[in-house]
Every structure is written in structure tokens, then in C-alpha cells.
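An overview of the molecular structure
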Amino acid sequence: MIGLADLESRVEGMSRRGKPFGQIETVIERSPASDVQKSALWLIAWTYQEPRVQRRVAKEALAAAV
């Protein structure tokens, strides 16, 4: 079973190599981590996104929540 530290390393490595965010999300979603841990991993990956992309995705999420 893969540990949380290993998942964190994998997510950060994929992010540094410029893997598509959707691909990183798939790795996170398929992991055995808890929902809270998945949220934290997602935030780590999020920090590697360009601010323009972060803003666009946040606005899309907000629009979908209405």
C-alpha cells in the first residue's frame, strides 16, 4: 500500500514535470487516501498551476456551485 508521503512525492513530481492537471487529479482520486488527504494533495498540485489557470478554475468552480 502506498503511503501518504509517497503520494505527496508522486503528486509533486508530476507537477514539477508539467503533467496535465487532470492526470494528477486521476492519481489522487484513485489513491487510497482519505478525502481530507486527497484535498491536501490536490492543493499541493494546485500550487504548481499558473495563477491565470488557478483563477479560471476557481471561477468555473464558483459558477458551477451556483
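Refer to the structure printed above.
Predicted, not measured: the structure shown is a model, and the values here were computed from it.

All of the buried residues in helix H2 (residues 21–30) are Phe21, Ile24, Val27 and Ile28. Along the axis of H2, the buried positions cluster into a sector of 120°, meaning they face one direction only. Summarising the geometry of H2, the exposed residues directed more than 90 degrees from the buried face are Glu29 and Arg30. At its buried positions, H2 is contacted by helix H1 (4–16) and helix H3 (35–46).

When you line up the elements, Ser15 lands in helix H1. Look past the residues within four positions of Ser15 in its chain and what remains in contact with it is Ile24, Ala45 and Tyr48.

The full count for this structure, using the stated rule, is 2 salt bridges. Arg56 serves as the salt-bridge partner of Glu60, at 3.2 Å between the closest nitrogen and oxygen. A residue pair is termed a helical-turn pair when its members lie 3 or 4 positions apart in one helix, as Glu60 and Arg56 do in helix H4 (residues 51–64) at 4 residues.

The end-to-end C-alpha distance of H1, which contains 13 residues, comes to 18 Å, matching closely the 18 Å that a straight helix rising 1.5 Å per residue would cover. Of all the residues in H1, the buried ones are Leu7, Val11, Gly13, Met14 and Ser15. Each element contacted by the buried residues of H1 is listed here: H2 and H3. Immediately beyond the C-terminal end of H1, within one or two residues, lies Gly18, with a positive phi of roughly 80°.

Definitions and cut-offs
Residues numbered from 1 in each chain as written. Predicted model: local features only at pLDDT ≥ 70, side-chain atom pairs only at ≥ 80, totals over all residues. Heavy atoms only, no water. Buried < 20%, exposed > 50% of the residue type's maximum accessible area, 1.4 Å probe, protein only. Helix = DSSP H or I, 4+ residues; strand = E, 2+ residues; numbered from the N terminus. Arc of directions from axis to C-beta. Contact = heavy atoms within 4.5 Å. Salt bridge = Lys/Arg side-chain N within 4 Å of Asp/Glu carboxyl O. Expected span 1.5 Å × (residues − 1).

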